Amino acid sequence: MTVTRFAVDLGTLPVALDLGGTFVFALSGATAGVKHRLDLFGVLVLSLVAASSGGVIRDLLIGAVPPAALADWRYIAVSLFAGVFTVYGHSLVDRLHHPVQLFDAAGLALFAVSGAHKALVFHLGPIQAALLGMLTGIGGGMVRDLLVAEVPAVLHAEVYAVAALIGAGVVVIGSWLGVPSAVATGVGALLCFGLRLVAMRRGWRLPVAGEPDASSGLHRR
Amino acid sequence: MTVTRFAVDLGTLPVALDLGGTFVFALSGATAGVKHRLDLFGVLVLSLVAASSGGVIRDLLIGAVPPAALADWRYIAVSLFAGVFTVYGHSLVDRLHHPVQLFDAAGLALFAVSGAHKALVFHLGPIQAALLGMLTGIGGGMVRDLLVAEVPAVLHAEVYAVAALIGAGVVVIGSWLGVPSAVATGVGALLCFGLRLVAMRRGWRLPVAGEPDASSGLHRR
Amino acid sequence: MTVTRFAVDLGTLPVALDLGGTFVFALSGATAGVKHRLDLFGVLVLSLVAASSGGVIRDLLIGAVPPAALADWRYIAVSLFAGVFTVYGHSLVDRLHHPVQLFDAAGLALFAVSGAHKALVFHLGPIQAALLGMLTGIGGGMVRDLLVAEVPAVLHAEVYAVAALIGAGVVVIGSWLGVPSAVATGVGALLCFGLRLVAMRRGWRLPVAGEPDASSGLHRR
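By the naming in an unreviewed UniProt entry, chain A is Membrane protein, taken from Anaeromyxobacter paludicola. Taken directly from UniProt, the Subcellular location (unreviewed entry) text for chain A runs: "Cell membrane". In its Sequence similarities (unreviewed entry) section, the UniProt record describing chain A reads: "Belongs to the UPF0126 family."

Written as structure tokens, this is what we have:
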């Protein structure tokens, strides 16, 4: 009984987190595609790739093949729905101030905790699980930005990978303390999402090596 | 008897399609390398990477490791031959009007059907097989374009990923109807190749979200 | 007895080579990050990604999951140490003339031989092992350059992939001749490193297809 309940818990929680992360990253991918004036199918490809890259990288690294994003039709359906919704409902999406960044922050949070959680389920060590969570979180956005030829947000955005690492770390510490996974992943995701949002609003930045220089070459290509 | 014949059919058909796709994508990679004035070895690396990325992505995703492109020396030989041929016979390749795009379209078609076919052999579902075929088809060209710092053709070219999806879809539907694989893959590949060629010639494009705007920012970096 | 000794030899040598390659590629990634004025955490992410990509690509391709870079905490520790050292000790790193290129050459050499060695341990054929060594060597630098939006060095630098292939080839030939792996990998790594350094100093280049043209479009984007 207990074993079954535990197995279900381990099985359904990552799926719910993954589907949520898939949806918001697909929105961010589709919105980036619309912004770059891709055609309908280009937008769908970008939402599919942005949504699945984080989870696919995680699954390839822990040896869970075929990756969930491919084995389970719901991921594909969710990605395509987000893409179509963005294309035909983009006046609605447009009303949000910075939709790509908002969805990106939510996807970062959901994938960071789902990556850490799934890594623990696959018996990786605590440091590895936290880092894998971070990589899962930043993977989708990195591939999305590379495909539209922008420098990945993770490399210059305010408190980006740190937020993912903290969210993933909460899951790992929670599992170590015996906190129920639903609580730990919820707290981790909220902390990551909130930290990223506040950092964006206030322009929080980590120190840069070398002398301070206002005319930074950071965004220059 | 029947089982053996079936196994042989499943085994040899993807290899033939893969080797064909490998050859034409290697030509497209080498031609892009020559165009960017890379040295001899850079051209060979680009043909190797362009030729094998699609199949390697497919094999990693379905868990067929080591990937065929690595386990089988013929893939490597075919890629290197295409690279050397392009460098020393490029006046011949040059006579074709848009050689990169032509080889790219052929590679797209061959990898799309081979990806869908191999995914079915590995017992993936029909939707997954069609999407995996599409990803196999667009993977090689995406990596090639990323490496020479161009926005991947898949994101802005005329009817690109759609053509791959249709080719892969024909294979999936054919398998469902019990059509012999050789026929279904042949029809799928021809349909994808023809559709892409006609779309290029006529400049067919899918609708773009938002108001129509002649001075599109699509190719802008 | 002999079997155990052999297994230990096969097991520890790649780890030592991998950790060395990880350290120098992490230095090259961190130095590139400092050069592009990334913040502290961006630098750490870049050193982690640059350091682990080569080995991760190798391990995914031969089916050794989870990859060593993830399963073993020492890789992560070495990468992060290199990143922190670069940020806080970068005046020291700066004194070297071309630190990114120097560390890159060392990482190329160490990963090329470790990739070839591990491929042989996983029973890949000689041609595959040599090419996998080359790919392992060039993978980390390619991902690093893509992330900071530069054309990968492998595609235009002097004698880059050739050097990796020669280093990997020495390991394969050495294994075929029965030379102890430590000797073969040492000779291979030194040959690759030396060849790359001399080629950089003297500006050795391989022939470029087409007519010679001084105003080469090679570095143009």
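Additional details are given in the paragraphs that follow.
A. Examining the overall build of chain A more closely. Broken down by element type, chain A carries 9 helices and 0 strands. Ordered by position in the sequence, the α and β elements of chain A form the string α-α-α-α-α-α-α-α-α. Burial statistics for chain A: of 221 residues in total, 58% are counted as buried. In chain A, of all internal contacts separated by at least 6 residues, the share reaching a separation of at least 24 is 77%. Approximately 9,200 Å² of chain A is accessible, and the part contributed by carbon and sulfur atoms is 70%.

B. Quick look at the nonpolar core. By size, the foremost hydrophobic cluster in this structure holds 180 residues, and its most contacted members are A:Met134, A:Ile138, B:Met134, B:Ile138, C:Met134 and C:Ile138. When sequence neighbours within four positions are dropped, the list of residues in contact with A:Ile138 reads A:Leu108, A:Val154, A:Tyr160, A:Ala161, A:Ala164 and C:Val45.

C. Structural view of the pattern of salt bridges. Enumeration according to the criterion identifies 15 salt bridges over all chains in this entry. Notably, a salt bridge pairs C:Arg74 with C:Asp72, separated by 2.7 Å at the nearest N-O pair. Exposure remark for C:Arg74: the relative accessible area of 34% places this residue in the partly exposed category. Judged by relative accessible area, C:Asp72 falls into the buried class, the value being 15%. Salt bridges here are not isolated pairs; linked through shared partners, they connect A:Arg58, A:Asp59 and A:Lys118.

D. How the structure looks around unusual backbone geometry. Residue and element names in this part refer to chain B. The backbone of Arg37 shows a phi angle near 60°, a positive value even though the residue is not glycine. With respect to the helices and strands, the residue Arg37 is situated in the loop between α1 (2–35) and α2 (40–62). According to the relative accessible area criterion, Arg37 is buried, its value standing at 16%. Here His123, not a glycine, exhibits a phi torsion of approximately 65°, which is positive.

E. Representation of the packing of aromatic side chains in the model. A complete count under the given rule lists 9 aromatic pairs over all chains for this structure. With 6.2 Å between their ring centres and 25° between their planes, C:Phe81 and C:Phe85 make a pair best called stacked. Taken together, the residues span about one helical turn, with C:Phe81 and C:Phe85 both in helix α4 (residues 73–88) at a distance of 4 residues. For C:Phe81, a relative accessible area of 52% gives the class exposed. In textbook terms, an aromatic cluster arises when at least three aromatic residues are bridged by ring pairs, as seen for A:Phe23, A:Phe81 and A:Phe85.

F. Here's a closer look at the UniProt feature "transmembrane region" (unreviewed entry) in chain A. Listed under "transmembrane region" (unreviewed entry) in the UniProt record, and renumbered for this structure, are residues 6–28, 40–61, 73–90, 127–147, 159–177 and 183–199 of chain A. From the first C-alpha to the last, residues 159–177 of chain A spans 26 Å; its make-up is 89% helix and 0% strand.

Cut-offs used in this document
Residues numbered from 1 in each chain as written. Chains lettered and ligands numbered in written order. Predicted model: local features only at pLDDT ≥ 70, side-chain atom pairs only at ≥ 80, totals over all residues. Heavy atoms only, no water. UniProt positions renumbered as here; feature names shortened; annotations may be inferred. Helix = DSSP H or I, 4+ residues; strand = E, 2+ residues; numbered from the N terminus. Buried < 20%, exposed > 50% of the residue type's maximum accessible area, 1.4 Å probe, protein only. Contact = heavy atoms within 4.5 Å. Areas by Shrake-Rupley, 256 points an atom, 1.4 Å probe, with all protein chains shown as cover. Core = buried A, V, L, I, M, F, W, Y, C linked by side-chain atoms within 4.5 Å. Salt bridge = Lys/Arg side-chain N within 4 Å of Asp/Glu carboxyl O. Phe/Tyr/Trp six-rings, centres within 6.5 Å; stacked < 30°, edge-to-face > 60°.

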